[in-house]
Amino acid sequence: FYNNRLFKVNKDQLKFAKKSKQTERWSIGLLTLPFKYRGSRYGKTNVYTTEFNVNSTLSYKTSITLKEASIICQLGFGIGTINLNASNANPSISPLNANILSGFWGVMLQFNRTQAGIYFGQDYIDNQEHYRWTYHGKTWVGVGIGFDVFKPKVPTSQQTAQTL
């Protein structure tokens with residue numbers, strides 16, 4: 001009842017309002033891992049690094065959900081930099097930023113468009129014989145926080161009404 005009028009709606013007209021089932025899908029994306037933890041078993045002390053990195057990912061969005069969050073498994077490779085100095089590399093080199101290649105895997109939770117994940121990987125530096133970087137090829141644990149900037153196209157109620 002609205003504006004002194006009574007409206008009838010068929011059950012068929014409400015089919016568009018059903019909640020869609022979560023579907024599995026593959027995607028490719030970009031990810032940065034701002035925090036990496038490198039354990040003390042490899043070096044002298046526990047190390048948290050925050051150097052620059054950018055990574056490409058192959059992601060698989062599972063049909064499994066945790067409450068309303070989607071679970072996404074990821075595999076990735078990327079490039080970054082690491083600060084080399086006497087405490088983590090050859091003591092005879094001057095402090096410098098060196099390029100690294102990273103490989104990793106992890107699990108991300110996505111709620112609406114907000115994302116958070118935990119990742120495990122290894123970093124490799126070129127010319128390891130010279131630099132003798134303590135963490136070359138050693139496993140690290142990282143945290144990623146993100147936001148899905150590409151929203152899937154969902155039909156508006158006006159477009160859905162036109163198809164009825």
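Structure report, in brief. (Residues numbered from 1 in each chain as written. Predicted model: local features only at pLDDT ≥ 70, side-chain atom pairs only at ≥ 80, totals over all residues. Heavy atoms only, no water.)

Reading across the sheet, the eight strands line up as β1-β4-β5-β6-β7-β8-β2-β3 and stay open at both edges, with antiparallel pairing between neighbours. Of all strands in the sheet, those bounded by a partner on one side alone are β1 (25-31) and β3 (47-49). Pairs of neighbouring strands in the sheet enclose a mean axial angle of 25°, with direction left out of account. Bridge count between strand β6 (residues 96-111) and strand β7 (residues 114-125): twelve bridges; the pairing is antiparallel. Following the sheet pairing, Trp105 is matched in β7 by Phe120. (Pairing = 2+ DSSP bridges. Helix = DSSP H or I, 4+ residues; strand = E, 2+ residues; numbered from the N terminus. Axes fitted to C-alpha atoms, helices over the stretch in contact; angles between N-to-C directions.)

Bringing the pattern of salt bridges into the picture now. A complete count under the given rule lists two salt bridges for this structure. Note that Asp123 and Lys36 form a salt bridge whose closest N and O atoms lie 3.2 Å from each other. Taken together, the positions of Asp123 in strand β7 and Lys36 in strand β2 (residues 35-38) put the pair 87 residues apart, joining distant regions of the chain. A relative accessible area of 0% means that Asp123 is categorised as buried. Residue classification places Lys36 among the buried positions, given a relative accessible area of 5%. Residues Asp123 and Arg38 are paired through a salt bridge, measuring 2.6 Å at the closest nitrogen-oxygen approach. In this pair, Asp123 is assigned in strand β7 and Arg38 in strand β2, connecting sequence segments 85 residues apart. Looking at Arg38, the relative accessible area reads 2%, which means it is buried. The structure contains a network of salt bridges with shared partners spanning Lys36, Arg38 and Asp123. (Salt bridge = Lys/Arg side-chain N within 4 Å of Asp/Glu carboxyl O. Buried < 20%, exposed > 50% of the residue type's maximum accessible area, 1.4 Å probe, protein only.)

What follows covers the pairing of strand β5 (residues 69-84). Pairing analysis gives eleven bridges linking strand β4 (residues 53-66) to β5, with the strands arranged antiparallel. Within β5, the position partnered with Ser59 by the bridge is Gln74. Two successive antiparallel strands, β4 and β5, enclose a turn made up of two residues, where Lys67 displays a positive phi of approximately 60°. Pairing analysis gives 15 bridges linking β5 to β6, with the strands arranged antiparallel.

Ile82, Leu84, Ala89, Ile93, Ala98, Ile100, Ile125, Tyr131, Trp133 and Tyr135 together form the largest nonpolar core, which totals ten residues. Mapped onto this core, the elements with two or more residues apiece are β5 and β6. Beyond its immediate stretch of four places on either side in the chain, Ala98 contacts Gly80, Thr81, Ile82, Leu84 and Ile125. Leu33, Ile72, Met108 and Tyr119 belong to the second largest nonpolar core, which has seven residues in total. (Core = buried A, V, L, I, M, F, W, Y, C linked by side-chain atoms within 4.5 Å. Contact = heavy atoms within 4.5 Å.)

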